[in-house]
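Spelled out, the chains give:
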Amino acid sequence: MSIASYLESMFSLEGKLVMFTGAAGGIGSEVARGMAKAGAHVALCDINIDKLSAIQKDIESEGCKASSFLLDVTDLDNIKKCVDQVASITGNIDVLVNCAGINKREGIADVNEETYDRIMDVNLKGVFFISQTVAHYMKKQGSGSIINIGSHNTGWVLGGCSVYGATKSGLVSLTKSMSVEWAKYNIRANCVSPGHIKTDLTTVTWEHPERSKYLLDRIA
């Protein structure tokens, strides 16, 4: 077997349906493009449907498969509706990538209840219930992979990210619970914790003269 054939047999996503939350975001859109190029049909889900349409067209222009769906991860009825729509493409959902996430950079003393609840609802509660819903399909098909996007804030904490960091630390624990409880259904769960990647969400930090230097000094 050639090297190319071996790598294709190991890592090809041809015939797989991959569902993304937060697919209009910086990380979600790029990971979706990569998986589409590896052969997956990517289901792009986000509250920003206009931006999704542009990403879908971009992916399709390269001969890859993509579909777009409106998803508000804070709305449980919408979660059920969206998951069912995605599953109708092939009848299964092979991979779920939870990328949806928000933040508001404030000191602990300045966070109000509305901000606290909003970040918790998107970053943790939303992941919990969309994973629960998708898992019903994965259990029936006897396989699946759930990839949660965490953050370096789970170990390397930056000031002004208390609620965000708490949600991502909770996500690590939730991922461990998923992997333990759903292993018997051949469902894998992993959490990837990226560094401070340049996206719309991190612009405020990268444009800060002191914080950006702090981050840059710690990049090898």
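Basis of the calculations
Residues numbered from 1 in each chain as written. Predicted model: local features only at pLDDT ≥ 70, side-chain atom pairs only at ≥ 80, totals over all residues. Heavy atoms only, no water. Core = buried A, V, L, I, M, F, W, Y, C linked by side-chain atoms within 4.5 Å. Buried < 20%, exposed > 50% of the residue type's maximum accessible area, 1.4 Å probe, protein only. Helix = DSSP H or I, 4+ residues; strand = E, 2+ residues; numbered from the N terminus. Contact = heavy atoms within 4.5 Å. Pairing = 2+ DSSP bridges. Axes fitted to C-alpha atoms, helices over the stretch in contact; angles between N-to-C directions.

Q: I'd like a rundown of the nonpolar core, residues and numbers included.
A: Formed by 28 residues in total, the largest nonpolar core has its most connected members in Met19, Val86, Ile93, Ile130, Val134 and Ile146. Looking at this core, the elements that each hand over two or more residues are strand S1 (17-21), strand S2 (41-46), helix H4 (76-87), helix H5 (113-141), helix H6 (162-182) and strand S6 (187-192). Looking at which element gives the most residues to this core, the answer is H5, with six residues. When sequence neighbours within four positions are dropped, the list of residues in contact with Ile93 reads Leu17, Met19, Val83, Val86, Ala87, Val134, Met138 and Gln141. Phe20, Ala36, Leu52 and Ile149 belong to the second-largest nonpolar core, a separate cluster that totals 21 residues.

Q: Outline the sheet that holds S6, listing residues and values.
A: For sheets, the rule is that strands pair by backbone hydrogen bonds, running either parallel or antiparallel. Strand order in the open sheet formed by six strands is S3-S2-S1-S4-S5-S6, with parallel pairing between adjacent strands. Either end of the sheet is taken by a strand with one partner, and the two such strands are strand S3 (65-70) and S6. Averaged over all neighbouring strand pairs, the angle between strand axes comes to 15°, with direction disregarded. Two elements, S1 and S2, share five bridges in a ladder whose sense is parallel. Looking across to S2, one finds that Phe20 is bridged to Leu44. Lying over the sheet, H4 contacts S1, S2 and S3, oriented at roughly 160° with respect to S3. Lying over the sheet, H6 contacts strand S5 (144-149) and S6, oriented at roughly 165° with respect to S6.

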